[in-house]
Amino acid sequence: MMRTQYDVILVGAGLANGLIALRLRQLQPQLKCLLLESDAHPAGNHTWSFHHSDLSAEQLRWLQPLITVRWSGYQVRFPALRRNLDGDYCSIASGDFARHLYAAMGDDLWTNTAVQQVKPTQVTLADGRELDAQVVIDGRGLQPTPHLQLGYQVFLGQEWQLAQPHGLQQPILMDATVDQQAGYRFVYTLPLSADRLLIEDTHYVNQPTLAENTARQHIADYAKHQGWRLSTLLREEHGILPITLSGDIDRFWQQQRGQPCSGLRAGLFHATTGYSLPSAVALAELVGTLLPTDASTLSQHIERFARQQWREQRFFRLLNRMLFLAGKPQQRWRVMQRFYRLDAGLISRFYAGQLRLRDKARILCGKPPVPIGEALRALLNSVEPGKKK
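Residues numbered from 1 in each chain as written. Predicted model: local features only at pLDDT ≥ 70, side-chain atom pairs only at ≥ 80, totals over all residues. Heavy atoms only, no water.

Caption draft 1: Up close: the sheet that holds strand S6 (residues 109-110). An order of S6-S2-S1-S9-S8-S7 is seen for the 6 strands of this open sheet, with the pairing classed as mixed. Edge strands, defined here as strands with exactly one partner in the open sheet, are S6 and strand S7 (115-119). Of the strand pairs in this sheet, strand S1 (residues 5-11) and strand S9 (residues 130-138) are connected by 6 bridges, and their pairing is parallel. Looking at S9, one finds that Val-11 is bridged to Asp-138. (Pairing = 2+ DSSP bridges. Helix = DSSP H or I, 4+ residues; strand = E, 2+ residues; numbered from the N terminus.)

Here it is, written out as C-alpha cells:
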C-alpha cells in the first residue's frame, strides 16, 4: 500500500503549530498539511494573552477571529504604586482556539496520536506507523537543554463563576501587594464576563515547581480579600514559562540537528514576560510564505529568525539577571514596581520587545532597587557563552 506523502506535518497542536496550520490554510490551502496531537484535544488548557501593540495591523487582521475577549487598558498594583495603563489587551482561550483548529483542519487533525520519533522529513508514531512529509515541524515545547540558563514563571490559574458581579472593568496584570514568599509573586486576574474571572497565582522563581494546593488556597484568599464570592470552579490551568538569563545560542541550535521546530522548542518567547504569541504569529507568517520547500531550507530560515530574536532580546536577558541574581528573592517586586513607574510608551515597547536605546538607558539609570554591588555584578555578567568580549 502506498504511503501518503504530506507537504508538512506539524507535531504538537499547541499555539505555535496551531497558528502555522491556520495560516497555511489561509495562504496555501492546496498544501497537504497534517496536525498531530498526543492529547484528546488540541490546544491544551491555556489562556494566551498579548497587547494590541505587540502585533502589526496585518497580523491583528488575520488573528482577530481567534480572540476570545479584548479589554481597553489594564492595571498593575504594587505596595507603593497602583496604575492604570492604556492600550488594548487581548486573550485567546484554548477552547476557542481548538474549535478553530477543528473547523480548519477537519480530518487532517489527528488527536490521541502519540509520537515515538521525529525527523526532518518523517514521523514515527507510537504504534509503529511511519508518516512521510517534505518537512516536519516539531512544536512539542521546550526540550531539556544545558545550553540555556533559565529562571521560571510558574502559575496556577482557576476560572470561576461568581455568585455576583465582580466589578472589574480591566485586567489586573500584576497585583504584587500579596505576600511575596520565595520569589517575585503576583496575582493575575482577567474579567472574562461580568461574573466570571480567571485568577492566577504567579511566581518568578529559580526552579520550575509550584505547590499547587498552596496556590489554590492563595487564589481563594485573594478572592475573599477582594470581596469576590466564588461559586463554581469552571476549569483550572497550570503553566511553567521559561525566563532566559543567558545561554549559548550556537550550541542550542546544534542540539536541534537540523530539525525544523516552533514555539518554545525554537526558543521563541519573550525572555522576560514569557509571552510567546507575538513570536508564534510572526513564525506562522514566515512558514506560510516559505512553504513548499525542503526541510533543510525551512530549518535554516527558522533558525535565522530565532537567532535574530535572540540578539534583539540580549537586553532583556540582562534585566532578568538583575531580577533573579541581584538581591533577595522576596524583594524582586521592587524591580518591577520601579519599572512600572516609567513612561507608558516605554512599557508598551518593552512588552513588544522593541525597546529603543534611550528606553534601555532610562530603565537602567538611577539607583537600582536592589543592593548596588549585586546589581553591578548582574549587569557586568553580560558576556554569554559563545560570545567574545
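Caption draft 2: Just the packing of helix H1 (residues 15-27) against helix H6 (residues 277-290), in detail. Between H1 and H6, whose axes approach to 8 Å, the crossing angle comes to 40°. Our classification of the angle between H1 and H6 gives oblique. Pair H1 / H6 crosses with right-handed handedness. For the pair formed by H1 and H6, the contact residues are Leu-15, Ala-16, Leu-19, Ile-20, Arg-23, Leu-24 and Leu-27 on the first element and Leu-277, Ala-280, Val-281, Leu-283, Ala-284, Glu-285, Val-287 and Gly-288 on the second. Residues of the contact of H1 with H6, tallied by class, amount to 12 nonpolar, 1 polar and 2 charged. (Axes fitted to C-alpha atoms, helices over the stretch in contact; angles between N-to-C directions. Parallel < 35°, antiparallel > 145°, perpendicular 65-115°, else oblique. Left-handed = near helix turned anticlockwise from the far one by under 90°. Contact = heavy atoms within 4.5 Å. Nonpolar A, V, L, I, M, F, W, Y, C, P; charged D, E, K, R; others polar.)

Caption draft 3: Highlighting empty space enclosed by the protein. The tally for this structure, following the rule as stated, stands at 1 cavity of 30 Å³ or more. Lining the largest cavity are 13 residues; nearest its centre among them are Thr-244, Gly-267, Phe-269, Trp-310 and Arg-317. Counting only elements with at least two residues in the lining of the largest cavity, the list comes to helix H5 (249-256) and helix H7 (295-312). A per-element tally of the lining of the largest cavity places H7 first, with 3 residues. (1 Å grid on protein atoms, 1.4 Å probe; cavity = no way out; pocket = protein on both sides within 12 Å on 5 of 7 lines; lining within 4 Å. Points joined across faces, edges and corners; volume = space filled by probe spheres on them.)

Caption draft 4: Structural context of unusual backbone geometry. Looking along the chain, the bond that leaves Leu-291 and enters Pro-292 is cis, with omega of 0°. With respect to the secondary-structure elements, Pro-292 resides in the loop between H6 and H7. Of note, the phi angle at Ala-43 is positive, near 75°, even though the residue is not glycine. Residue placement: Ala-43 occurs in the loop between strand S2 (33-36) and strand S3 (47-51). Ala-43 sits in the buried class, given a relative accessible area of 2%. The phi dihedral of Asn-112 falls on the positive side, at around 50°, and the residue is not glycine. Following the sequence through the fold, Asn-112 ends up in the loop between S6 and S7. Looking at Asn-112, the relative accessible area reads 56%, which means it is exposed. (Buried < 20%, exposed > 50% of the residue type's maximum accessible area, 1.4 Å probe, protein only.)

Caption draft 5: Structural view of the packing of aromatic side chains. Inspection of the entire model under this criterion finds 17 aromatic pairs. One aromatic cluster is present, formed by Trp-71, Tyr-74, Phe-78, Tyr-89, Tyr-275, Phe-315, Phe-316, Phe-339, Tyr-340, Phe-350 and Tyr-351 through successive ring pairs. A cation sits over an aromatic face here: Arg-317 above Trp-310, 3.7 Å from the ring centre. (Phe/Tyr/Trp six-rings, centres within 6.5 Å; stacked < 30°, edge-to-face > 60°. Lys NZ or Arg CZ within 6 Å of the ring centre and 35° of its normal.)

Caption draft 6: Seen up close, the pairing of S9. For S9, the tally of buried residues reaches 7 of 9 residues, placing the bulk of the element in the interior. Two elements, strand S8 (residues 122-125) and S9, share 3 bridges in a ladder whose sense is antiparallel. In the strand pairing of S9, Gln-122 is matched with Asp-132. The turn joining S8 and S9, which pair antiparallel and follow one another in sequence, is formed by 4 residues; a positive phi near 95° is taken by Gly-128.

Caption draft 7: Structural view of the packing of H7 against helix H8 (residues 314-325). Close contact between H7 and H8 brings their axes to 4 Å; oriented N to C, the two are set at 50°. Taken as axis vectors, H7 and H8 run oblique relative to one another. On H8, the residues touching Trp-310, Arg-311 and Glu-312 of H7 are Arg-314, Phe-316 and Arg-317. A per-class count over the contact of H7 with H8 returns 2 nonpolar, no polar and 4 charged.

Caption draft 8: Geometry of the side chain of Thr-113. Checked against the element boundaries, Thr-113 lands in the loop between S6 and S7. Excluding residues that lie within four positions of it along the chain, Thr-113 makes contacts with Leu-36, Glu-37, Ser-38 and Leu-125.

Caption draft 9: How the structure looks around the sheet that holds strand S12 (residues 184-193). A sheet is described by the order of its strands in space; here 8 strands give the open sequence S3-S5-S4-S11-S12-S13-S10-S14, paired in mixed fashion. Edge positions in the sheet fall to S3 and strand S14 (230-247), since each of these pairs with one other strand and no more. Going across the sheet, the axis of each strand differs from the next one's by a mean of 25°, ignoring polarity. As paired elements, strand S4 (residues 69-78) and strand S11 (residues 172-175) share 3 bridges and run parallel to each other. Paired with Val-76 across the bridge in S11 is Met-174.

Caption draft 10: Broad picture of helix H4 (residues 212-226). With 15 residues, H4 extends 21 Å between its outermost C-alpha atoms, agreeing within 8% with the 21 Å of an ideal straight helix rising 1.5 Å per residue. Of the positions making up H4, those classed as buried are Ala-215, His-218, Ile-219, Tyr-222 and Ala-223. Projected onto a plane normal to the axis of H4, the buried residues spread over an arc of 130° and lie on a single side. Along H4, exposed side chains directed more than 90 degrees from the buried face belong to Asn-213, Lys-224 and His-225. Structurally, H4 contributes buried residues whose contacts are with S4, strand S10 (148-162), S11, S12, strand S13 (196-205) and S14. (Expected span 1.5 Å × (residues − 1). Arc of directions from axis to C-beta.)

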